[in-house]
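Overview (structure and organization)
Chain residues, written in single-letter form:
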Amino acid sequence: MTSGVEWTQITQLATHIGQVSTALLVRSHPDGALLVAASGLPSNGQVMATELCAEVMADPELAGTCHDLTALAAWAHHPLVASLRMRFCLVLPLPTSEAYNDTWLALLDGEPRNAEQVKAMLPALQALVSHVGQLQELVYQQQQSAHLTQGREERLGKALHESESRLNLTEHTAGVGSWSVDINTGHIQHSDEYGSILGLGPGEAVEDLAAMVLRYTPEWRTGIRQRLERCAQTGEAFDEEIQVQVPGASPKWVRTVGNAVRDTQGRIVRIQGAVQDISAQKQAQQETLRLAMRLTTTLASITEAFVTLDRQCCFTYLNQESERLLQKTTAELLGREVWHDFSEGLAQRFRTQLGVALKTNRRVELEDFFPTLGKWLEVRAYPFAEGLAVYFRDVTERRRSQEQLMLLETSVARLNDIVAIAEAGSGPDDEPRIVFVNDAFEKQTGYSRDEVLGQTPRILLELDPAMFKLLEKARGLRETRQARTELMIRRKNGASFWIELEVVSVQASAEEVTHWVAVGRDITQRKNAEDMIRHLAFYDPLTDLPNRQLLLDRLQKALSQSARSGQYGALMFIDLDNFKILNDTLGHHVGDQLLQQVAQRLTKSVRKTDTVARLGGDEFVVMVDDLSTDAAAAASKLRTLAEKVLNVLREPFQIAGHQHFATPSIGATSFNGEQSDVSELLKQADLAMYQAKGLGRNTLCYFDPDMQASVSANAAVGAALRVGLREKQFVVHYQPQVDRQGVVTGVEALVRWQHPEKGLVKPADFIPVAEDTGLILPLGMWVLETACEQLATWASRAQTAHLSIAVNVSVYQFRHPNFVDMVMAAIKRTGIRPHRLKLELTESLLADRMEITIQKMGMLKELGVTLSLDDFGVGYSSLSCLKRLPLDQLKIDKGFVADVLTDPNDAAISRAIIALAQSLSLQVVAEGVETQEARDFLAYLGCDQFQGHLFAPALPIEKLDEFLRNPSSDMMSAVAG
């Protein structure tokens, strides 16, 4: 083996064994390292690779241990690493020889190897190195003597035979078989390992190229035949991964390489190559590919620039987006500090923030301008064991949008006026530059945007000498931040007009003015503007209907006219049902379209003399007059008109290409001049409309005086409630709850209003009003705190320490965002045991927002509070939601208990509730137990506790304490009396 091609074959075999892209044979030389052969290395990298190997050869301790070039600072910036991206390097010495200087086998690759991977490949590589060393010695001996004696020839032949055996062993260890084809004879020679890989039997051999091709699977035969032919004819080398057929086994993946061997005249005399069994590698590649696909899918979701830094804040990884954003390649940034190219101020801010993240192990965020990139970047750094994971996001557009939004918000109120915005100069003597003009500017002045953008406001001085007045005002702008003047300017075509000009500043901070906004109004059209203002004052801008002000004016006139003529008139107050849902789901622009179409339909439904007005939101009012002087005839006409309006609005609306159904709730009231207060008329129609809402919407109601009386009464109760809360007129009574043995286990707290004039007022007479007015929140909290204080008092007495108090919680109270915190505060302040406090929740809580309800109940449950579902069976509960609630108890509604012995349905429902509670491991309390027979029946069904007048009514605390000291039936009667 004397030619360079044969040494190259050795390096090719090394690449197969080591599974690397590049292998070299390097020999020491007095003038420097000498490259003997190389495989898989471009010509421009041979010198760099040879020099690198020489550096490793000079330090024997590193040879065989350098698995990642980037891990060593001395080599991280070596050209071989930076240019050819080589990271793995393994250099193995050949056995020493007197004939040759030190020779080394070097393996290089773009991917690093860990210690376990290197350990796995070393045995086969060391066998190859040993073989090459002996082969090198044999070549030397051939060169030293051309006339060998017969004995020496025999010894050499024996040595060659031994070398061949060792080569076969090496091939077997590496899983690589070699082959060679004589061009002249077509005869194939191959190693034993080649036959083993192809599944040849003992003594079986591949004789020629045709037989060789047949060993491959059918789909690969044409391709391998063409490559063999081209290699034989043109010397074109090949390296393919294809499948071969193995008798009695599945097809096997092999790597097939081949190249041509030429004589001294350059003629191809044979082709040679090798095959390597890579089936295991293929399977591993497929597994790796699947893992890579999953990883790629995960990383694909990271659309931001992402890098990792070590604990010295040096780059260790960059994704493609970060290279694009930072405008540097990975090779340029790896190993460098992240602030390497930053300005001093920016670098210092990065050092401080990233240092804080590493020190505190907490994420940090900053947003700063990067001058070298010309961009604003948002930076988020997350610590991990090896350093920091950092995300970069380009927020330049967002910053620019924020700036533009700030400018637009300043001028949006004057969109009908001339608006010009100039960017303030950076220095005191720098003139501002125009960056924005609106359409009105172009229309009024005749100058296009292209003619003025980028110019200083001085260009406007050419319009008219009077503009010098603006300069006088501008001198004080930096102090006053605002200036106003009136002046005449001339349009581009020479025509003049007066404008009222106001200039205001836009400030980024208290000290910094970034822009000037100039707003000019053409005051020559003042009359037209006044007409427009009047229209805006009396008409709704969305629907162009009369607004509240104009409606009140017309209604007042209609009342006066009705008083004179005796004609009846009427008001219809119209509200669209569930309009808010439409706005929230489809957007306000869709809601606006619906309002516009409603306005059109209402206008077409009534006479031209009638008034259709929009009060705001989804509220419309129709005023009709001159119905009739007869009350009955007027009422009939009103009903006919109202029904017409109701039916017209029930018809589907076409909005944005979709059909939408909207229904109205209509309240109507009539007038005949006897009323003098227009606001009272509107209130009457409004009350009737709310009555229609209460009846289920999509209907019509007429005002009834009793309706107003009820509303007035509720208003009076609401006012009295406020006084009662302020003057502490409320008391708490307690009704005992007993177990199956008649032992009192707890009480239910029931609020009473000790009215100074009406006496003791029951909850049914004021709780609904308290809920409507929002007073249920302070009232409910007072009851809760009173109950907690009573529990704290009882806890100090052995006779009462075991008792619990149940407190009713309204929907409004439970929905309060701070309800759980308020319960927690009451428990902490009084120091009670939480499980002694029982909160009774109504089934109406389950009507909507179930997830929020369950979450709050879970928080209360974690505090230790007992939870009970009151009046079970009459509300919204269902088995599907009941099983999700963290309840402790169910209360059977007294409506079922009252007739449990006489009504089979009530008995069946009670039985089902008790069975359900038992299956869910919940206690059952029956309230409203009045007779011993009802108690016994419920106990027979399995009810756990009872509450009702059979045992005791709701008692003031003094009588309750007396009852608890002597809970006998006689005492019950005495206390009740």
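1. A closer look at the overall build of the protein
Secondary structure assignment for the protein yields 36 helices and 35 strands. Expressed as a percentage of its 977 residues, the buried residues of the protein come to 44%. Of the contacts made within the protein by residues no fewer than 6 positions apart, 56% connect residues no fewer than 24 positions apart.

2. Notes on empty space enclosed by the protein
A complete count under the given rule lists 1 cavity of 30 Å³ or more for this structure. The space that makes up the largest cavity amounts to roughly 40 Å³. Lining the largest cavity are Ala558, Gln561, Ser562, Ser565, Gln567, Tyr568, Asp625, Asp626 and Phe671. The leading source of residues in the lining of the largest cavity is helix H20 (residues 548-565), at 4 residues. Looking at the lining of the largest cavity residue by residue, the class counts come to 3 nonpolar, 4 polar and 2 charged.

3. Observations concerning the nonpolar core
Core analysis: the largest hydrophobic core is formed by 79 residues, its most contacted members being Leu837, Leu839 and Leu938. Contact partners of Leu837, with chain neighbours within four places excluded, come to Leu784, Cys788, Leu791, Ile805, Val807, Val823, Ile827, Ile832, Val865 and Thr866. Ranked by size, the runner-up nonpolar core spans 33 residues in total, among them Tyr568, Ile574, Leu627 and Ala634.

4. A few points about the environment of Leu901
By the element assignment, Leu901 lies in the loop between helix H32 (894-898) and helix H33 (904-919). In sequence terms Leu901 and Leu938 are 37 residues apart; their C-alpha atoms lie 9.6 Å from each other. Discounting chain neighbours no more than four positions away, the residues touching Leu901 are Thr931, Glu933, Ala934 and Phe937.

5. Brief notes about the packing of aromatic side chains
Centre-to-centre distance and the angle between the planes together describe a pair of aromatic rings. Under the definition given, this model contains 14 aromatic pairs. Aromatic pair Phe306 and Tyr317: ring centres 6.1 Å apart, planes at 55°, arrangement tilted. Pair noted here: Phe306 is in strand S10 (residues 305-310) and Tyr317 is in strand S11 (residues 315-318), with a separation of 11 residues, a long-range link. Given a relative accessible area of 15%, Phe306 falls into the buried group. The exposure class of Tyr317 is partly exposed, given its relative accessible area of 36%. Here the aromatic rings of Trp753 and Phe766 are separated by 5.7 Å at their centres, their planes lie at 80°, and the arrangement is edge-to-face. Of this pair, Trp753 sits in strand S28 (residues 744-755) while Phe766 sits in the loop between strand S29 (759-761) and helix H26 (767-773), and the two are 13 residues apart along the sequence. Here the two residues Trp753 and Phe766 agree in accessibility, since each one is buried.

6. A word on the layout of surface pockets
To find leftover empty space, a probe the size of one water molecule is rolled over the atoms. Of the volumes computed, that of the largest pocket is approximately 1200 Å³. In this structure, the largest pocket is lined by 42 residues; those nearest its centre are Glu748, Leu750, Pro763, Asn808 and Asp870. For the lining of the largest pocket, the leading source of residues is S28, giving 5 residues. Residue classes in the lining of the largest pocket are distributed as 19 nonpolar, 12 polar and 11 charged.

7. With respect to the packing of H33 against helix H34 (residues 932-941)
Packed helix pairs are characterised by how far apart their axes lie and by the angle those axes make with each other. Packing of H33 against H34 leaves a shortest axis separation of 9 Å and a crossing angle of 40°. On the basis of the axis angle, H33 is oblique to H34. Judged by the sense of rotation from one axis to the other, the crossing of H33 with H34 is right-handed. Every residue of H34 that contacts H33 at Ala907, Ser910, Arg911, Ile914 and Gln918 is listed here: Phe937, Leu938 and Leu941. Taken together, the residues of the contact of H33 with H34 sort by class into 5 nonpolar, 2 polar and 1 charged.

8. Comments concerning the state of the cysteines
Per the stated rule, a full pass over the model turns up 0 disulfides. Cysteine Cys313 remains unbridged, with the sulfur of Cys314 as its closest cysteine sulfur at 7.5 Å. Residue Cys314 is classed as buried on the basis of its relative accessible area of 13%.

9. Things to note about the sheet that holds strand S21 (residues 611-616)
Taken together, 5 strands build an open sheet; the order of strands is S21-S22-S20-S25-S26 and the sheet is mixed. The strands lining the two open edges of the sheet, one partner per strand, are S21 and strand S26 (700-702). The sheet shows a mean angle of 20° between the axes of neighbouring strands, taken without regard to direction. Across 3 bridges, the pairing between strand S25 (residues 664-671) and S26 is parallel. What sits directly across from Ala668, in S26, is Tyr702.

10. A look at the pairing of strand S33 (residues 889-892)
Residues of S33 alternate between two faces, with Gln889 and Lys891 on one and Leu890 and Ile892 on the opposite face, all of them buried. Here strand S32 (residues 866-872) runs beside S33; their pairing, made up of 3 bridges, is parallel. Within S33, the residue paired with Leu869 across the bridge is Leu890. Relative to strand S34 (residues 923-927), S33 runs parallel, the two being bridged by 4 bridges. Along S34, the bridge assignment pairs Gln889 with Gln923.

11. Quick look at the packing of helix H22 (residues 588-605) against helix H23 (residues 631-650)
Their axes nearest at 10 Å, the elements H22 and H23 cross at an angle of 150°. At the point where H22 passes H23, the crossing takes the right-handed sense. Of the residues in H23, those in contact with Val598, Arg601, Leu602 and Ser605 of H22 are Leu641, Lys644, Val645, Val648 and Leu649. Of the residues that constitute the contact of H22 with H23, the class distribution is 6 nonpolar, 1 polar and 2 charged.

12. Overview of the sheet that holds strand S12 (residues 364-370)
Across the sheet, which stays open at both edges, the 5 strands sit in the order S11-S10-S14-S13-S12 with antiparallel pairing between neighbours. The open sheet has two free edges, formed respectively by S11 and S12, since each of these has just one partner strand. Strand after strand, the sheet turns through a mean of 25° between neighbouring axes, direction not considered. Sheet strands in contact with helix H13 (residues 344-360) are S10, S12, strand S13 (375-384) and strand S14 (387-394), and its direction is about 170° off that of S12.

13. Considering the confidence of the model for the protein
Here the protein averages 80 in pLDDT, and 83% of its residues register 70 or above. The low-confidence segment residues 146-150, where pLDDT is below 50, has 2 contacts with residues more than four positions distant or belonging to other chains. Segment residues 969-977: pLDDT under 50, and 10 contacts once partners within four positions in sequence are set aside and those in other chains are kept.

14. Structural notes on the side chain of Ser868
Tracing the backbone through its elements, the reader meets Ser868 in strand S32. The class of Ser868 is buried, set by a relative accessible area of 0%. Among the polar contacts made by the side chain of Ser868, one reaches the side chain of Gln889 at a distance of 3.2 Å. With near-sequence residues (within four places) excluded, Ser868 lies in contact with Lys838, Leu839, Glu840, Leu841, Leu887, Gln889 and Lys891.

The rules behind these values
Starting from 1, residues in each chain are numbered consecutively following that chain's sequence as written. Per-residue local features are limited, in this predicted model, to residues with pLDDT of at least 70; the limit for side-chain atom pairs, both in listing and counting, is 80 or more; totals at the level of whole chains, interfaces and linings are taken over all residues. As a rule here, side-chain values cover all heavy atoms of the structure and leave hydrogens and water aside. For helices the rule is a DSSP run of H or I covering at least 4 residues; for strands it is a run of E covering at least 2, with both sets numbered from the N terminus onward. Relative accessible area decides the class of each residue, using a 1.4 Å probe on protein chains only: under 20% of the type maximum gives buried, over 50% gives exposed, and in between gives partly exposed. Contacts are residue-level and defined by heavy atoms, with any inter-residue pair within 4.5 Å sufficient. Every definition here rests on a 1 Å grid over the protein atoms only: cavities are sets of points where a 1.4 Å probe fits but cannot get out, pockets are open sets enclosed by protein on both sides within 12 Å along at least five of seven lines, and lining residues have some atom within 4 Å of a point. Grid points are joined across faces, edges and corners, and a volume is the space filled by probe spheres set on the points. Classification used: nonpolar for Ala, Val, Leu, Ile, Met, Phe, Trp, Tyr, Cys and Pro, charged for Asp, Glu, Lys and Arg, polar for all others including Gly. Among buried residues, the Ala, Val, Leu, Ile, Met, Phe, Trp, Tyr and Cys ones that are joined through side-chain atoms within 4.5 Å form a nonpolar core. Pairing of aromatic rings covers Phe, Tyr and Trp, the last through its six-membered ring, and needs centres within 6.5 Å; plane angles under 30 degrees mean stacked, over 60 mean edge-to-face, and all others mean tilted. Helix axes use the C-alpha atoms of the stretch in contact, all axes being lines fitted to C-alpha atoms, and the angles between their N-to-C directions lie in the range 0 to 180 degrees. What sets the label is the angle itself: under 35 degrees gives roughly parallel, over 145 gives roughly antiparallel, 65 to 115 gives roughly perpendicular, and the rest give oblique. Throughout, a crossing is termed right-handed when the near helix is turned clockwise from the far one, and left-handed when it is turned anticlockwise from it by less than a right angle. What counts as a disulfide here is a pair of cysteine sulfur atoms lying within 2.5 Å. In this scheme, strands are said to pair when DSSP sees at least two bridges between them. The predictor's confidence in any single residue is recorded as pLDDT, a number from 0 to 100. Distance and chemistry together define a polar contact, namely a pair of N or O atoms within 3.5 Å, with one atom able to donate a hydrogen and the other to accept it when in protein, and with adjacent residues in sequence counting only for side-chain atoms on both sides.

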